[in-house]
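Close look at the chain arrangement
Each chain, letter by letter, is given below.
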Amino acid sequence: MTLRNLIRPLVRKLHAYVPGEQPKVRNLVKLNTNENPWPPSPKVLKAMRDAVDERLRKYPNPTAQVLREKLARLHGCDPENIIIGNGSDELLALATRAFVEPAPAIARGAKDLSRQARLRSTIQWFHPSYSLYPVLSGIHGAIANPVPLDEDFGIPAKTELRRRGWQHAAALSYVTTPNAPGGRGYSTSELDRLCRDAKGILILDEAYVDFAEESAESLALKHPHVIVSRTFSKSYSLCFQRIGYFIAHPEVIDALDRIRDSYNVNGLAQVGAMATLEDLKYYQANFKRIKMLRRETAEKLTLSGFTVLPSQTNFLFVRPPRFAAKTWQLKLRDRKIIVRWFDIPEVKDYLRVTIGTPKEMSAFQAAVKKILAG
Ligand SMILES: *Cc1c(COP(=O)(O)O)cnc(C)c1O
């Protein structure tokens, strides 16, 4: 017996998700994982500190009932339209299990399934977008259908979309909006067209929506097969707590509810999220600052010879001058600044730079100048 043979072939061959580096060294300027540079509101920190008491001994509310009620009020829907997850990543994974039939190993990539069966097993997304989607598809044993975006990260027009292989009847489609890593936003009317054509479940992943010009959340309440995904990680400075949610039709929510762990959301995260919703003003000021810094950073980088793509997120996707993007990443790292570079052909000439505090952005700009001065 070899241990290897005890592991499912599918698992042995998986390419696991590669998270951005979380460095151990302290004095680095960390602009690589799109975390919010400011802490949660003082009220959130206090609520969470106050919750660290005797109650840690008990199980949390299994359905995050009060939090769902608060979110329902915020979004003008019912608590039955909402499910909370251990980060939105957990919910994105649950969706594969609830809505997609795993494909028999021999049929994956092969043509010997009926068209209908293939579609029931197909997960699709636009490429490039969130690099977790292919991993989730792989884990589930689904048929993967990545469809290239336009060069400017736009969603191709209807006939071109078809030509590139987008299947409106795929069991599950992930759409990152605004897009990552490109940063581009899509209009609600454009997304509405995509939703109207879709015959399977379509998830609008709005992880960055608070930095965007518009939200497509109304589409989740308009189309029964459309889910809007939100997270407290990026805009509400709660990455550490792992908390996100879906808005969708009650039947869709019920399907996900059946397969989640009974206590999937930890108690402190529930407390933190509820306190967050009580102090939205603090966060709105935060979004404003980030958007302002985004504009300033873009202007300065443009003057330094970078190509800066329009962004509706808390990061900028930029093509640096003079050296290769990968070289830039290393040169910045030598100066204690971490940005993200993706080893993906379509975006290998770009760096993704998270918007940090004004001080962090000054350090970044200073490093850029020094590198250019050679
Ligand atoms: C960060 C991110 C998520 C994950 O959010 P969590 O709630 O922290 O799991 C989902 N989608 C996209 C596009 C992201 O960038």
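See the structure printed just above.
These numbers were taken from a predicted model, which means no experiment stands behind them. (Residues numbered from 1 in each chain as written. Predicted model: local features only at pLDDT ≥ 70, side-chain atom pairs only at ≥ 80, totals over all residues. Heavy atoms only, no water.)

This part covers the packing of helix α12 (residues 280-303) against helix α14 (residues 358-373). Running from N to C, α12 and α14 cross one another at 10 degrees; their axes reach a closest spacing of 11 Å. Judged by the angle between their axes, α12 and α14 are roughly parallel. For the pair α12 and α14, contact is made by Leu293, Thr297, Lys300 and Leu301 and by Pro358, Met361, Phe364, Gln365 and Val368, respectively. Residue classes in the contact of α12 with α14 are distributed as six nonpolar, two polar and one charged. (Axes fitted to C-alpha atoms, helices over the stretch in contact; angles between N-to-C directions. Helix = DSSP H or I, 4+ residues; strand = E, 2+ residues; numbered from the N terminus. Parallel < 35°, antiparallel > 145°, perpendicular 65-115°, else oblique. Contact = heavy atoms within 4.5 Å. Nonpolar A, V, L, I, M, F, W, Y, C, P; charged D, E, K, R; others polar.)

Spatial ordering of the open sheet is given by β2-β8-β7-β6-β5-β3-β4, a layout of seven strands whose pairing is mixed. In this open sheet, the two edge strands, each paired with only one partner strand, are β2 (82-85) and β4 (143-148). For this sheet, the mean inter-axis angle between neighbouring strands, taken without regard to orientation, is 20 degrees. Here β2 runs beside strand β8 (residues 244-247); their pairing, made up of four bridges, is antiparallel. (Pairing = 2+ DSSP bridges.)

Taken together, the residues surrounding the ligand are Gly87, Ser88, Asp89, Tyr130, Thr176, Asp205, Ala207, Tyr208, Thr231, Ser233, Lys234 and Arg242. The contact in question runs from a nitrogen atom of the ligand to an N or O atom on the side chain of Asp205, over 2.7 Å. Here an oxygen atom of the ligand and a side-chain polar atom of Tyr208 are 2.7 Å apart. For the ligand, whose accessible area on its own is 390 Å², the fraction buried by protein is 94%. (Near = heavy atom within 4 Å. Polar contact = N/O pair within 3.5 Å; in protein donor to acceptor, adjacent residues only side chain to side chain. Areas by Shrake-Rupley, 256 points an atom, 1.4 Å probe, with all protein chains shown as cover.)

It is worth spelling out the environment of Tyr208 at this point. Counting through the fold element by element, Tyr208 comes out in the loop between β6 (201-205) and α9 (218-222). Of the residues examined, Tyr208 reaches a relative accessible area of 6% and is grouped as buried. Considered as a pair, Tyr208 and Gly165 are 43 residues apart in the sequence and their alpha carbons are 27 Å apart. Not counting chain neighbours up to four residues away, the residues in contact with Tyr208 comprise Asn34, Pro178, Ala180, Lys234, Gln312, Thr313, Asn314 and Phe315. (Buried < 20%, exposed > 50% of the residue type's maximum accessible area, 1.4 Å probe, protein only.)

Moving on, we come to the side chain of Thr297. Note on placement: Thr297 falls in helix α12. With relative accessibility at 3%, the residue Thr297 sits in the buried group. The residues touching Thr297, leaving out its near neighbours within four places in the chain, are Leu316, Ile355, Met361, Phe364 and Gln365.

With that out of the way, let us pick up the packing of aromatic side chains. What the rule picks out here adds up to 17 aromatic pairs. Between Tyr236 and Phe287, the ring centres sit 5.9 Å apart and the planes meet at 65 degrees, which makes this aromatic pair edge-to-face. Of this pair, Tyr236 sits in the loop between β7 (226-231) and β8 while Phe287 sits in helix α12, placing them 51 residues apart in sequence. For Phe287, a relative accessible area of 7% puts it in the buried group. Aromatic side chains Tyr282 and Tyr283 sit 4.8 Å apart centroid to centroid with 75 degrees between the ring planes, which places their arrangement in the edge-to-face category. (Phe/Tyr/Trp six-rings, centres within 6.5 Å; stacked < 30°, edge-to-face > 60°.)

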